[in-house]
Protein chains: 2
Amino acid sequence: MSHTYEYPRPALTVDCVVFGMDEEDLKVLLIKRGLEPFLGKWALPGGFVRMEESLDDAARRELEEEAGIRPSHLEQLFTFGEPGRDPRGRVVTVAYFALVKLSDHRVHASTDAREAAWFSVWDTPKLAFDHADILGTALQRLKGKVRYQPIGFELLPPKFTLTQLQRLYEMILERPLDKRNFRKKILSMELLEELDEVEQDVSHRAARLYRFDHKKYRQLEKAGFNFEL
Amino acid sequence: MSHTYEYPRPALTVDCVVFGMDEEDLKVLLIKRGLEPFLGKWALPGGFVRMEESLDDAARRELEEEAGIRPSHLEQLFTFGEPGRDPRGRVVTVAYFALVKLSDHRVHASTDAREAAWFSVWDTPKLAFDHADILGTALQRLKGKVRYQPIGFELLPPKFTLTQLQRLYEMILERPLDKRNFRKKILSMELLEELDEVEQDVSHRAARLYRFDHKKYRQLEKAGFNFEL
DNA sequence: CAACATAGTGTCCAAGTGACACCAAGTCAA
DNA sequence: TTGACTTGGTGTCACTTGGACACTATGTTG
C-alpha cells in the first residue's frame, strides 16, 4: 500500500447503452467492431478513458466520436469488472445509460468510418464481451426508473400525443395500460403543457399535441414530489 | 485504439460505506489513515483492486483486512472518477455499499494495526478525498432502497422486536412513523416469523421477538412481489 | 401496591387504483 | 355524399390503500 503506483492497473473503459424509440420499438444503438477482439461483431459504443477527462466526459466523447450523438439524458449505470470479461486482459468498464430522441439521430447513426445501427432491444445480434449483460442491466434500470421518474420524455420528440406517450410506457414496461387511467394519471401530474396543435399527416382524426414542461418538473422535484406511475 | 495497452491507466480502487446500527444511531465505519495523503484523517475503508480479483472480491477483501468485517449485504454503489479527486494523480474508485449487524462487530472494529471506529452518520469528522460525497450517495441509496426492499433487516440482530425495527426505519427515513400503521404494514407482508420468545433484561413489559424469513422473501421476490413501505 | 414504561391493538375517512364502453372527428373509397 | 373505418377523447363506480388517531395490557421497580 505504501507505493501507490507499483500496483499493476486494469485498463479502464466506458461503454454506453443508448436507447431510442420509434413507432414500432424500443431501440438500442450498436457499433460494429473494426478491431480484434470480436472483429465484425456488434458491441456497445465505448472506449478508453483518458487521463484528464471525467468518466461522464469520456462517455459523451465516445458517443460523439462513434455515432455523432449527444444524448438528452446520460447517467452512470454500473461498473463491470470481472477479471475474464475481456480476452486481452483485465479491463474494467464503467457502463452508462443514455436516452436520445430518435428523431434527431435517425439519419447519421454512423459517422466516422464505423458502422452504427439501431436494433430493437428485443432482437439484438450476439454482442461482444459481456455487453449482453450490460444491456440487460440497462433495460432493468430503464424499467425501474420510468416508474418513478419522468425520463421517458427524453425518448419522444418535443411535441407528442398522449397515445405516443402511452405506447412508450407500454413498450418499456412490457404490459398494456388502460387508456383512460393512463391519461388521468399523467395529466394529474401537471407536467404536460397542452398545445394548440394537432399531429399532421395521419389518415384519421388527429390527436392533440403536448409538450413536457421541464421547468415545472425541476420545481416539483425539488419540492420532493412523487412521480410514480 | 489499435494498441490497447499503450493507454495510460488510472489507478483503480474500491471504497466501502459500511452501515451499522445500535440503539441510538445509524453508524458508519471509518478508518484512520496511516499514510499520506490525508495521513491521520478519517476515511472510508478501501484500497487498490488486484489484477486477478473481481471488484466485489476486492471490496470484501479490504473490509476483511482493514476491519475484520464480513458484511451481510454488499452491493456496488457508484464509481467516482473525477480527475482531481486524489492529489496523487488519477485514481478511479468503485464505491460499495454494505450493511452489517453491529452486534457481530462491536468488539473488534479494529484489527490490523489500523484504527477503525463507528461514527454516527449525522456527525462524522471531515473525511479524506471525496469520501463525504461517497457517504452522501450511500445514504441516499439506503434511504431510497429501504422503501421498496427489505434490506433493513441486515442491520438488526437475527431476533428483534417490532419497536427496534420501527426505530430503524425512522432513523433511516428521518421521520417518525405511526406505530399501529407500521405494524399493520410490516406484518401484512408476511416476511416476519413470530417467535415464542420475548426480549430479555428490560425493566418493563418485554416485547415479542421476530425473525426475518429470508427464504420466504426470496420466493416472493421471484414472484415479482412488491415490498414498498 | 402504586407508579412507571413500553407492548399491543382497531376504526374511520380520504385518496388512489383499476375495471370498464361509448360517442366524436377526421379520412378514404365507392 | 355517404358509409365504413380508424383513432381520439371522455366519466363512474367498486375496491383498496394510507394515514390519523387513544386506550388497555403487561411486566418492573421501589
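Reading the values: the criteria
What you see as residue numbers is a count from 1 along each chain, following the sequence as written. Written order decides the labels, with chains lettered from A and ligands numbered from 1. For a predicted model such as this one, the threshold for reporting local features is a pLDDT of at least 70, and the threshold for listing and counting side-chain atom pairs is 80 or more; totals across whole chains, interfaces and linings nevertheless cover every residue. As a convention, hydrogens and water are excluded, and side-chain values are obtained from all of the structure's heavy atoms. For each domain, the first and last residues come from an automatic or database assignment. Residues are treated as being in contact if the distance between any of their heavy atoms lies within 4.5 Å. Joining two parts hides part of their accessible area as seen by a 1.4 Å probe, and the buried area is that hidden amount summed over both. Residues are classed as near a molecule or strand on a simple rule: at least one heavy atom within 4 Å of it. Distance and chemistry together define a polar contact, namely a pair of N or O atoms within 3.5 Å, with one atom able to donate a hydrogen and the other to accept it when in protein, and with adjacent residues in sequence counting only for side-chain atoms on both sides. Numbering of helices and strands starts at the N terminus; helices are DSSP runs of H or I of at least 4 residues and strands are runs of E of at least 2. Three classes are used: nonpolar for Ala, Val, Leu, Ile, Met, Phe, Trp, Tyr, Cys and Pro, charged for Asp, Glu, Lys and Arg, and polar for all others, with Gly counted as polar. Take a side-chain nitrogen of Lys or Arg and a carboxyl oxygen of Asp or Glu: if they are within 4 Å of each other, that pair is a salt bridge.

S.K.: Provide a residue-level description of the domain arrangement of chain A, including the pertinent values.
M.R.: By a widespread convention, an interface's size corresponds to the accessible area lost as its parts come together. All names here are of chain A. The domains assigned to chain A are domain 1 (4–146) and domain 2 (152–222). A separation of 28 Å is found between the C-alpha centroids of domain 1 and domain 2. Listed as interface residues are 19 residues of domain 1 and, on the opposing side, 14 residues of domain 2. Across the domain 1 to domain 2 interface the summed buried area is about 1,400 Å²; carbon plus sulfur atoms make up 67%.

S.K.: Break down the protein's contact with DNA strand C for me, with residues and values.
M.R.: Surrounding DNA strand C, one finds 19 residues, the nearest of these being Asn181(A), Thr163(B), Lys179(B), Arg183(B) and Arg208(B). Taken together, the sugar and phosphate atoms account for 40% of what DNA strand C places within 4 Å of the protein. Asp178(A) places a polar side-chain atom, nitrogen or oxygen, 3.3 Å from a base nitrogen of DNA strand C. Between Arg180(A) and DNA strand C, the recorded distance is 3.2 Å, taken from a side-chain N or O atom to a base nitrogen. Among the elements that make up the surface near DNA strand C, the one with the highest residue count is helix 5 (residues 179–188) of chain B (five residues). Classifying every residue of the surface near DNA strand C gives two nonpolar, six polar and 11 charged.

S.K.: Could you give me a rundown of the protein's contact with DNA strand D, with the residues and numbers involved?
M.R.: Around DNA strand D lies a shell of 18 residues, among which Lys179(A), Arg183(A), Arg208(A), Asn181(B) and Arg205(B) are the nearest. Among all atoms of DNA strand D positioned within 4 Å of the protein, those belonging to sugar or phosphate total 41%. One of the side-chain N or O atoms of Lys184(A) is found 3.3 Å from a base oxygen in DNA strand D. Contributing elements (two or more residues each) for the surface near DNA strand D: helix 5 (179–188) of chain A together with helix 5 of chain B. When the residues that make up the surface near DNA strand D are grouped by side-chain class, the tally is two nonpolar, five polar and 11 charged.

S.K.: Break down the interface of chain B and chain A for me, with residues and values.
M.R.: Opposite the 32 residues of chain B that make contact, chain A presents 32 residues. The junction of chain B with chain A conceals about 3,200 Å² of combined surface from both sides, 63% of it contributed by carbon and sulfur atoms. At the surface where chain B touches chain A, the tally comes to zero salt bridges. The interface formed by chain B and chain A holds eight residue pairs in polar contact (both at pLDDT 80 or more) in total. Those elements giving two or more residues to the side of chain B that touches chain A turn out to be strand 1 (11–21), strand 5 (73–80) and strand 6 (91–99) of chain B.

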